[in-house]
Amino acid sequence: FQYPGDWVEQTSSLQLDSIGGDQWLEEFNFVPSTQAHAIASSQDYNSFVVVDVVQGASGYNIVRQEQLGGESFDVNKNMTINHYPVVYTEQTVIDSKVDTYIISNQGIAVIFSFTERTGPKSEGKAEKLAYPNGYDRSAYLTSVSQMVDSVKFLSTAVQGGSLPGTENQ
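Residues numbered from 1 in each chain as written. Predicted model: local features only at pLDDT ≥ 70, side-chain atom pairs only at ≥ 80, totals over all residues. Heavy atoms only, no water.

### A closer look at the overall build of the protein chain
Of the regular secondary structure elements, the protein chain holds three helices and nine strands. A burial count over the protein chain gives 44% of its 169 residues as buried. Expressed as a percentage of contacts within the protein chain between residues at least 6 apart in sequence, the contacts between residues at least 24 apart total 55%. (Helix = DSSP H or I, 4+ residues; strand = E, 2+ residues; numbered from the N terminus. Buried < 20%, exposed > 50% of the residue type's maximum accessible area, 1.4 Å probe, protein only. Contact = heavy atoms within 4.5 Å.)

### Describing the nonpolar core
Counting residues in hydrophobic clusters, the biggest one holds 23 residues, and the most contacted among them are Trp-7, Phe-30, Val-49, Val-51, Ile-103, Phe-112 and Val-148. The set of elements that each furnish at least two residues to this core consists of strand S3 (22-32), strand S4 (49-55), strand S6 (84-93), strand S7 (96-105), strand S8 (108-118) and helix H3 (141-149). One finds Trp-24, Val-87, Ala-109 and Ile-111 within the second-largest nonpolar core, a separate group that totals six residues. (Core = buried A, V, L, I, M, F, W, Y, C linked by side-chain atoms within 4.5 Å.)

### Here we look at the pairing of S4
Most of S4 is tucked away: six of the seven residues are buried. Where S3 and S4 come together, seven bridges link them in antiparallel fashion. Bridge pairing in S4 places Glu-27 opposite Asp-52. (Pairing = 2+ DSSP bridges.)

### Description of the packing of aromatic side chains
Under the defined criterion, the tally for this structure stands at 10 aromatic pairs. Ring centres 6.0 Å apart and planes at 70 degrees place the aromatic pair Phe-1 and Phe-28 in the edge-to-face group. Taken together, the positions of Phe-1 in the segment before strand S1 (7-10) and Phe-28 in strand S3 put the pair 27 residues apart, joining distant regions of the chain. Here Tyr-88 and Tyr-101 contribute two aromatic rings whose centre-to-centre distance is 4.9 Å and whose plane-to-plane angle is 50 degrees, an arrangement assigned as tilted. Taken together, the residues Tyr-88 in strand S6 and Tyr-101 in strand S7 connect sequence positions 13 residues apart. Across the pair, exposure class does not vary: Tyr-88 and Tyr-101 are buried alike. An aromatic cluster of three or more residues is present, and its members are Phe-1, Tyr-3, Phe-28, Phe-30 and Phe-112. In this structure, Arg-137 packs its charged tip against the face of Phe-48, placed 3.9 Å from the ring centre. Over the ring of Tyr-135 we find Arg-137, and its NZ or CZ is 3.9 Å from the ring centre. (Phe/Tyr/Trp six-rings, centres within 6.5 Å; stacked < 30°, edge-to-face > 60°. Lys NZ or Arg CZ within 6 Å of the ring centre and 35° of its normal.)

### Structural notes on the confidence of the model for the protein chain
Close inspection of predicted coordinates is inappropriate in any region flagged by low pLDDT. Overall, the predicted model of the protein chain reaches an average pLDDT of 74, with 63% of residues at or above 70. Predicted confidence is poor over residues 122-128, with pLDDT under 50, and the contacts of this stretch with residues over four places away or in other chains come to two contacts. Contacts of residues 157-169 to residues separated by more than four positions or lying in other chains number 32 contacts, the stretch itself having pLDDT below 50. (pLDDT = per-residue confidence, 0-100.)

### Re the environment of Gly-134
In this structure, Gly-134 sits in the loop between S8 and strand S9 (135-136). Between the C-alpha atoms of Gly-134 and Asp-95, which are 39 residues apart in sequence, the distance is 8.7 Å. Once you skip the residues sitting within four places of it in the chain, Gly-134 turns out to touch Thr-118, Gly-119 and Pro-120.

### Quick word on the pattern of salt bridges
Under the criterion given, the structure shown has three salt bridges. One salt bridge connects Lys-97 with Glu-90, and the closest N-O pair in it is separated by 3.7 Å. Judged by relative accessible area, Lys-97 falls into the buried class, the value being 12%. Across the pair Glu-116 and Lys-97 runs a salt bridge whose closest N-O atoms are separated by 3.0 Å. In this pair, Glu-116 sits in strand S8 while Lys-97 sits in strand S7, placing the two residues 19 residues apart along the sequence. Three or more residues are tied together by salt bridges with common partners; here these are Glu-90, Lys-97, Asp-99 and Glu-116. (Salt bridge = Lys/Arg side-chain N within 4 Å of Asp/Glu carboxyl O.)

So this is what it looks like as structure tokens:
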């Protein structure tokens, strides 16, 4: 995948692990270079875009994990990007909105998570955090869409047109 030239990759703090047998291989964090310093030094660190690469992605385990995280959770499983099956999820947690794209091919999934907006933080902690009034990053949706649309796998076989594990959901 490609990311905009005026964005930078930041170090991930993820402890690589597995969920339901799916092994997290890598995680990348991307942010516009104009925002990189403020976000990296924030006590309330939240990347613009988190990209995970997962092996053995059954789809079901990843989507189930996403479902557990949201108060309101919508799934669109009838998408493709570059002929690869995609599951798009939109979570609303309190005042926050997180968009996730899970693109899969031959047992590998690339997962893009974009925290589009978040509301004010809980009382008592707000004065310590960099985003006490929340934020709205919807102006970056075009850049995120371009990143997602750029995904290409080295092997191009698609497994039946559906994300493995989601055919019967």
